[in-house]
Amino acid sequence: MNIELLNEIKKDNYYEYLKENSYLIKPLLRNPLFYKEFKNIIKDRYHLRITDRINTAIDDIDIISSIIDTL
């Protein structure tokens, strides 16, 4: 893994995810172009996409509204 790629991983806050999923280090070492796919894998696994965040917010609002309705 070259230093530029490592700095980009740290800058994008994926370093902790890389440590948790160490099996992804080998493909990154072999092919730096795997970084896009790595980001997609992490976003899918940890629900980091914007749509996931919106769905979570909607679920939270539904829970709050159901609690208010029961009162």
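Residues numbered from 1 in each chain as written. Predicted model: local features only at pLDDT ≥ 70, side-chain atom pairs only at ≥ 80, totals over all residues. Heavy atoms only, no water.

1. Some remarks on the nonpolar core
Considering soluble globular proteins, one finds that nonpolar side chains tend to be buried as a cluster. Just so we agree on the cut-off: Buried Ala, Val, Leu, Ile, Met, Phe, Trp, Tyr and Cys residues that are joined via side-chain atoms within 4.5 Å together make up what is termed a nonpolar core. Burial here depends on accessible area, computed with a 1.4 Å probe over protein chains only, as a share of the maximum for the residue type. Under 20% is buried, over 50% is exposed, and the range in between is partly exposed. In this text, helices come from DSSP runs of H or I with a minimum length of four residues, and strands from runs of E with a minimum of two, each type numbered from the N-terminal end.
Counting 10 residues, the largest nonpolar core is built from L5, I9, Y14, L18, L24, L28, F34, Y35, F38 and I42. Contributing elements (two or more residues each) for this core: helix 1 (3–11) and helix 4 (35–45). Residue contributions to this core peak at three residues, all from helix 4.

2. Description of the pattern of salt bridges
Under the convention used in this document: Here, a salt bridge means any side-chain nitrogen of Lys or Arg that lies within 4 Å of a carboxyl oxygen of Asp or Glu.
Within the structure shown, the criterion is met by two salt bridges. Across the salt bridge formed by K19 and E16, the nearest N and O atoms sit 3.5 Å from each other. Of this pair, K19 and E16 both sit in helix 2 (residues 15–20), three residues apart, roughly one helical turn. Assessed through its relative accessible area of 46%, E16 is described here as partly exposed. Between R49 and D44 there is a salt bridge whose closest N-O contact spans 2.9 Å.

3. Some words on the confidence of the model for the protein
Formally: Think of pLDDT as the predictor's per-residue confidence, scored from 0 to 100.
Per-residue pLDDT for the protein averages 92, and the proportion of residues at 70 or more is 100%. Mean pLDDT values over the elements of the protein span from 91, in helix 1, up to 94, in helix 4.

4. Some remarks on the side chain of N21
For clarity, the threshold we go by: The term polar contact refers here to a pair of N or O atoms within 3.5 Å; inside protein, the definition further demands a hydrogen-donor-capable atom paired with an acceptor-capable atom, and it admits residues adjacent in sequence only when both atoms are side-chain atoms. The contact criterion used is simple: two residues touch if any of their non-hydrogen atoms lie within 4.5 Å.
Topologically, N21 is positioned in the loop between helix 2 and helix 3 (25–30). Engagement of the side chain of N21 in a polar contact is seen with the side chain of R45, the distance being 3.2 Å. Residues in contact with N21, not counting those within four places in the same chain, are I42, R45 and Y46.

5. Remarks on a nonpolar patch on the surface
Note the following rule: Every patch collects residues that have over 30% relative accessible area and no salt bridge, joining them within 9 Å if they carry like charges and within 5 Å if they are nonpolar side chains (Val, Leu, Ile, Met, Phe, Trp, Tyr). For the accessible areas, the method is Shrake-Rupley and the probe is 1.4 Å, while residue cover comes only from the protein chains on display.
A contiguous nonpolar patch, built from I50, I54 and I58 and spanning about 300 Å² of accessible area, is present on the exposed surface. With respect to the helices and strands, the residue I54 is situated in helix 5 (residues 50–70).

6. Topic: helix 4
Note the threshold: The arc under discussion is defined with respect to the helix axis, by the directions toward the C-beta atoms.
Within helix 4 the residues assigned to the buried category are Y35, F38 and I42. For helix 4, the angular spread of buried residues about the axis comes to 55 degrees, placing them on one side. Close packing links the buried residues of helix 4 with helix 1, helix 2 and helix 3. Looking one or two residues past helix 4, H47 carries a phi angle of roughly 55 degrees, positive in sign.

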